[in-house]
Amino acid sequence: MATDPLAKVRNEIGLRLAEIRNAGPRISPLDLHARMDAIRQLAAINGLAALESLARSTAQRALLPGHRMAMRTCFEHIDEALDSRSPADSNAILAAFAIRLH
């Protein structure tokens, strides 16, 4: 039976996202940026292109007014990005993310 070679990475990212969710409004914009950038780096190292793009966009927005809304919207698309196996999914997920923000 084949196992998912990225299962451990996906689990680690899931744990990091759970920490962000649990911190809620107590997390500072700088801390939020740092945490999302760490997720981006982990995604990049492991070839999760869609997640890397979404995390990069979210990290950038963490420092802007309205970052709480961006985080909620990011979490709505995070599962799609985590499950993505195609770099082409990045554009679709980022487009959906942008539409939801506006």
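Just so we're clear, the structure is a prediction, and the values are computed from it rather than from any experiment. (Residues numbered from 1 in each chain as written. Predicted model: local features only at pLDDT ≥ 70, side-chain atom pairs only at ≥ 80, totals over all residues. Heavy atoms only, no water.)

Glancing now at the side chain of Arg-10. Relative to the helices and strands, Arg-10 resides in helix α1 (residues 7–23). A relative accessible area of 12% places Arg-10 in the buried class. What Arg-10 contacts, discounting residues up to four positions off in sequence, is Asp-4, Leu-48, Leu-82, Asp-83, Ser-84 and Arg-85. (Helix = DSSP H or I, 4+ residues; strand = E, 2+ residues; numbered from the N terminus. Buried < 20%, exposed > 50% of the residue type's maximum accessible area, 1.4 Å probe, protein only. Contact = heavy atoms within 4.5 Å.)

Here the focus is a negative patch on the surface. A grouping of Asp-79, Glu-80, Asp-83 and Asp-89 is seen on the molecular surface, where their side chains present a negatively charged patch. The element that contributes the greatest number of residues to the negative patch is helix α4 (residues 67–83), accounting for three residues. As for its placement among the helices and strands, Asp-79 is situated in helix α4. (Patch = residues over 30% accessible without salt bridge, like charges linked within 9 Å, V, L, I, M, F, W, Y side chains within 5 Å. Areas by Shrake-Rupley, 256 points an atom, 1.4 Å probe, with all protein chains shown as cover. Salt bridge = Lys/Arg side-chain N within 4 Å of Asp/Glu carboxyl O. Lys, Arg positive; Asp, Glu negative; His and termini not counted. Charge placed at Lys NZ, Arg CZ, Asp CG, Glu CD.)

In this model, helix α3 (residues 49–61) (13 residues) spans 18 Å end to end at C-alpha, consistent with the 18 Å of a helix rising 1.5 Å per residue. Looking at α3, one finds that the buried residues are Ala-50, Leu-51, Glu-52, Ser-53, Leu-54, Ala-55, Ser-57, Thr-58 and Ala-59. (Expected span 1.5 Å × (residues − 1).)

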